[in-house]
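# Structural overview
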Amino acid sequence: MIKLTNVFKAFPKGGLALKDVSFHIAKGEFVFLTGHSGAGKSTVLKLVYADEPPTSGEVRVSGFNLSELRRKDIPMLRRRLGIVFQDFRLLEDRTAEENVAFALEVTAARRATIPARVMRVLTQVGLAAKAQAYPRELSGGEQQRVAIARALVNEPTVLLADEPTGNLDERATRGVFQLLRDINASGTAVVMATHDLDLVRQAPYRVIELQEGALVYDSAVDELRDQAASP
Amino acid sequence: MRLVLREALLIFRRAPLLSALSVTTIAFSLFAVGLFGLVAVNLQQALRQVAERVEIVAYLLPGTPIESITLAQKDIEAFPEVASATYVSEDRALARARAELVEFRDVLQELERNPLPGSIEVKLKAGFRDAEHVNEVADRLRGFGFVDDVRFGRDWVEKLDRLQQIAAAVGLVVGAAFAAVAVIIIGTTIRMAVLQRSREIAIMRLVGATDGFIRRPFLLQGAIKGMLGGLVAIGLSYGAYVLINRWLIQAAFFTREQAGTVVIFGTLIGLFGSAASVGRHLRRV
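Residues numbered from 1 in each chain as written. Chains lettered and ligands numbered in written order. Predicted model: local features only at pLDDT ≥ 70, side-chain atom pairs only at ≥ 80, totals over all residues. Heavy atoms only, no water.

The subject of this paragraph is the overall build of chain A. Looking only at helices and strands, one finds eight helices and ten strands in chain A. Relative to a compact globule of 231 residues, whose C-alpha radius of gyration would be 17 Å, chain A shows 18 Å and is just as compact. Principal-axis analysis of the C-alpha atoms gives chain A an extent of 55 × 40 × 35 Å. The buried share among the 231 residues of chain A stands at 53%. For chain A, the share of sequence-separated contacts (at least 6 apart) that also reach a separation of at least 24 residues comes to 68%. Carbon and sulfur atoms form 50% of the exposed surface of chain A, whose accessible area is close to 10,800 Å². Each charge class in chain A can be summarised by its mean position, and for the 30 positive and 29 negative side chains these summaries are 6 Å apart. (Helix = DSSP H or I, 4+ residues; strand = E, 2+ residues; numbered from the N terminus. Rg over C-alpha atoms; globule rule 2.2 N^0.38 Å. Buried < 20%, exposed > 50% of the residue type's maximum accessible area, 1.4 Å probe, protein only. Contact = heavy atoms within 4.5 Å. Areas by Shrake-Rupley, 256 points an atom, 1.4 Å probe, with all protein chains shown as cover. Lys, Arg positive; Asp, Glu negative; His and termini not counted. Charge placed at Lys NZ, Arg CZ, Asp CG, Glu CD.)

Pasting the structure below:
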């Protein structure tokens, strides 16, 4: 569903951000994308949601070949993805409910269905009671839940999360992580970029590690190889 | 559409100060254009009034039969340039001279024979009161056998001509400059509104909003701001007009169409300014 093949990414002033990265993420998978800051985690995600084009190599996401993607097709791709950031990126002057509804309004969803769909995802993330609250009235963890609700409301096949717990305290981190696991359990693939190794160790999910733009470890591949090597 | 309107109005509600500022900026830019327009309108009107006095007089040979004159008068009135052709008989010329030239009343009273010739006074239609047309009509009048002489203030007509050309050229250049300044200033305020919302635009794009969806509320609010600015500018111009009229000179105000043009101009600047700003912003993110 997400497939990177020999992807290079060079920034005009930043040098080579990704060097020959290849991996494949299947439907319904949960994948950690790890590595130090600047290792290329965010760049990988940006390529996946077509914020940046690859310099060379092929990126395929949910049936789209991103090298051939025209600008006007980008919104269609993004409607199939849910995206969550470290800094939540909520609209400050809209309530939680309006923030979530907004993601539906831009997609020409039937207006009559919007309130019910919004309440359903807000309930799913445990914030139904705070639907009328503005982002500034919510804690960091709650804001991230609103952002996750917004990402889910279009029923994406994959949720991309770029350091979703980076701004949260330990308790909120655990809550948000559990929420992402629940979402994955109900069938949505989750790609979570994080450098929180404690979190990574807590769960038996696939880990892809980047170092200075190169893929240095992929548990799916390396564990198979390790098994093959030890009879 | 309802969504676009809601989003457009939200822009006003969220940034009332900036919105008021842009409307004010647009209003004053258009006010400058409007004031200049008022000057131009009044100057043009003054020149037109002067031009209305352009008159060609064809003096007739004494003894021309009245039938020929009436016929000629009809012919002349049929010229495309001519608004009216009035026959002034010798007697009327004398009566007029007596009434107008009071100082010579005694002299005129004692005349035994009327020395004044009869004439046909020709007024031209608007748009034909320039030197070229005046000359042409004068030449044609000379063609009548019983016309002795044709007079019109040649120098005067030519000067008026040049004055009108200068006024038009200056009006065009200065007007264009004012309009350009207005466009630039208005474009800048709209750009500010777009930049102020760049974070929001980025979020819209993330959740899959199309460029058109993002653009539309901006276009609408830009047009609304431009229209409001235009209306305020007309209001300001009217205030200025009232003051000028009271304290300085009798002046004319815009016709309804001209006022409408200013408002439409503002609306279009708002619309296209927004389109350019948002377009440029979207291409960059």
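Read on for the rest.
Looking now at the interface of chain B and chain A. At the junction of the two partners, chain B supplies 21 residues and chain A supplies 22 residues. Contact between chain B and chain A buries roughly 1,900 Å² in total, counting both sides, with carbon and sulfur atoms accounting for 53%. When residues of chain B are sorted by the area they lose upon contact with chain A, B:Ile203, B:Leu206 and B:Val207 head the list and together hold 32% of the total. Taken together, chain B and chain A are joined by four salt bridges. Counting across the interface, chain B meets chain A through seven residue pairs in polar contact (both at pLDDT 80 or more). Listing elements by their share of the side of chain B that touches chain A, those giving two or more residues are helix H1 (2-14), helix H8 (198-206), helix H9 (211-247) and helix H10 (256-284) of chain B. Along the lines of polarity and charge, the residues of the side of chain B that touches chain A split into ten nonpolar, two polar and nine charged. (Buried area = accessible area lost by both parts, 1.4 Å probe. Salt bridge = Lys/Arg side-chain N within 4 Å of Asp/Glu carboxyl O. Polar contact = N/O pair within 3.5 Å; in protein donor to acceptor, adjacent residues only side chain to side chain. Nonpolar A, V, L, I, M, F, W, Y, C, P; charged D, E, K, R; others polar.)

Structurally, chain B comprises domain 1 (2-49 + 161-282) and domain 2 (55-151). A straight line from the C-alpha centre of domain 1 of chain B to that of domain 2 of chain B covers 52 Å. (Domains from an automatic or database assignment.)

Our focus in this paragraph is the pairing of strand E1 (residues 2-11) of chain A. Residue and element names in this part refer to chain A. Where E1 and strand E4 (residues 56-61) come together, five bridges link them in antiparallel fashion. Residue leucine 4 lies in a different strand from E4, and its bridge partner there is valine 59. Turn length for the E1-strand E2 (residues 15-25) hairpin, with the two strands adjacent in sequence and antiparallel, is three residues. (Pairing = 2+ DSSP bridges.)

Turning our attention to the environment of A:Asn6. All names here are of chain A. Tracing the sequence through the fold places asparagine 6 in strand E1. Since its relative accessible area comes to 40%, asparagine 6 is described here as partly exposed. Not counting chain neighbours up to four residues away, the residues in contact with asparagine 6 comprise Asp20, Val21, Ser22, Ser56 and Gly57. Here the side chain of asparagine 6 touches aspartate 20 through a polar contact of 2.8 Å, side chain to side chain.

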